[in-house]
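What the coordinates show
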Amino acid sequence: MTPLRPFAALLCALLLSAPAAAEEPPSWNPQDTFVFVASVIEWPGNGLATFKDPRRDEALVAQLKACGVPPANVVFLMDKEATRDAMRRELRALAARAGAGSTFLFYFQGHGLSRKEKTWLACYDVDLKDFSTAFDVDELFPVFDKEWKGSRLLLVGDCCHSGALNRVVERFESKSSVRAACLASATASNASTAHWTFTEALISARAGDGAVDRDRDG
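Notes on the structure in this doc start here. (Residues numbered from 1 in each chain as written. Predicted model: local features only at pLDDT ≥ 70, side-chain atom pairs only at ≥ 80, totals over all residues. Heavy atoms only, no water.)

The next subject is the sheet that holds strand 4 (residues 112–115). Pairing is antiparallel in the open sheet, where three strands are placed in the order 4-5-6. One side of each edge strand has no neighbouring strand; the edge strands of this open sheet are strand 4 and strand 6 (135–136). The pairing of strand 5 (residues 118–121) with strand 6 spans two bridges and is classified as antiparallel. Within strand 6, the residue paired with leucine 121 across the bridge is phenylalanine 135. (Pairing = 2+ DSSP bridges. Helix = DSSP H or I, 4+ residues; strand = E, 2+ residues; numbered from the N terminus.)

Further remarks concern the sheet that holds strand 1 (residues 33–39). Here five strands make up an open sheet; going across it, the order is 2-1-3-7-8 and the pairing parallel. Every other strand in the sheet has two partners, leaving strand 2 (74–78) and strand 8 (179–184) as the edge strands with one partner each. For this sheet, the mean inter-axis angle between neighbouring strands, taken without regard to orientation, is 10°. (Axes fitted to C-alpha atoms, helices over the stretch in contact; angles between N-to-C directions.)

Our next topic: helix 3 (residues 84–97). Relative to the 20 Å expected for 14 residues at 1.5 Å per residue, helix 3 spans 20 Å between its end C-alpha atoms, a close match to the ideal helical length. Of the positions making up helix 3, those classed as buried are Ala86, Met87, Leu91, Leu94 and Ala95. Each buried residue of helix 3 lies within a common arc of 145° when the element is viewed along its axis, so the set occupies one face. (Expected span 1.5 Å × (residues − 1). Buried < 20%, exposed > 50% of the residue type's maximum accessible area, 1.4 Å probe, protein only. Arc of directions from axis to C-beta.)

Below, the discussion takes up the pairing of strand 4. One ladder, built from four bridges, connects strand 4 with strand 5; its direction is antiparallel. Note that in strand 5 the partner of arginine 115 across the bridge is lysine 118. With antiparallel pairing between neighbouring strands as the criterion, strand 4 and strand 5 make up a hairpin whose turn holds two residues, including lysine 116 at a positive phi of roughly 50°.

Okay, unusual backbone geometry next. Look at aspartate 79: it is not a glycine, yet its phi comes out positive at around 50°. The exposure class assigned to aspartate 79 is buried, which follows from its relative accessible area of 9%. Here lysine 116, not a glycine, exhibits a phi torsion of approximately 50°, which is positive. You can see lysine 116 is positioned in the loop between strand 4 and strand 5. By relative accessible area, lysine 116 is classed as exposed at 80%.

Attention shifts here to helix 4 (residues 140–147). Turning to helix 4, its buried residues number three or more, namely Leu140, Phe141, Val143 and Phe144. End-on, the buried residues of helix 4 take up no more than an arc of 165°, which puts them together on one face. Contacts made by the buried residues of helix 4 are with helix 3, strand 3 (103–109), strand 6, strand 7 (152–158) and helix 5 (166–172). (Contact = heavy atoms within 4.5 Å.)

A word on the environment of lysine 118. Topologically, lysine 118 is positioned in strand 5. According to the relative accessible area criterion, lysine 118 is partly exposed, its value standing at 28%. Dropping the residues within four chain positions of it, lysine 118 is found in contact with Leu113, Asp136, Asp138 and Arg167. Polar side-chain contacts of lysine 118 include one of 2.8 Å to the side chain of aspartate 136. (Polar contact = N/O pair within 3.5 Å; in protein donor to acceptor, adjacent residues only side chain to side chain.)

Turning to the pattern of salt bridges, a few remarks are in order. The final tally for this structure, using the stated rule, is eight salt bridges. Ionic pairing is found between glutamate 139 and arginine 88, a salt bridge with its closest N-O pair at 2.8 Å. Placement of the pair is glutamate 139 in the loop between strand 6 and helix 4 and arginine 88 in helix 3, with a sequence separation of 51 residues. Across the salt bridge formed by aspartate 138 and lysine 118, the nearest N and O atoms sit 3.1 Å from each other. Residue aspartate 138 is located in the loop between strand 6 and helix 4, and its partner lysine 118 is located in strand 5; the two are separated by 20 residues in the primary sequence. Through salt bridges with shared partners, a single network forms among Lys118, Asp136, Asp138 and Arg167. (Salt bridge = Lys/Arg side-chain N within 4 Å of Asp/Glu carboxyl O.)

Function cannot be read off these values alone, since they describe shape.
Here it is in structure tokens:
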């Protein structure tokens, strides 16, 4: 197999179904990749604990740009910028900009909330007395299904219950034109760490560190 840059290899392994006998691996075009990042590690006195460890979101965005993703294709909402309305508005706008054949990466870092088999992402202005003020994971599929015309979707979550993002992947299974995958720091029913070790591993892999490839299959 021809060597690929780490991030390209990751995307190809997750999102593309190349024939086993293909001489060349499928390619990833960073110039046609769109990235939405929402990261909240502090909240304005609403009862959610502030994260103390150094944030990894900025390093992740920097690594994606180093891989060749154009800055104009990246939306990065940090802390007070990541309100529920802003997340909804900016995600919809970016998805609409991503044309046919594009790759879309959605990433959230922060607190994940779960109740009665539903999962929310804790936006900056969430009110814990009313989970409907958070960003509902079930909002994602309708946005991508309506606005996005691309072919490869990767959802990444570094938060408790982040495995719930796989619900979006499951809903895309009936659409043969879309390859979707999920990378999560925890299952839908479990808590995650507060130290961003998952995101740190992703950054390392995309920077060329092969330690996470334990079976050495590339």
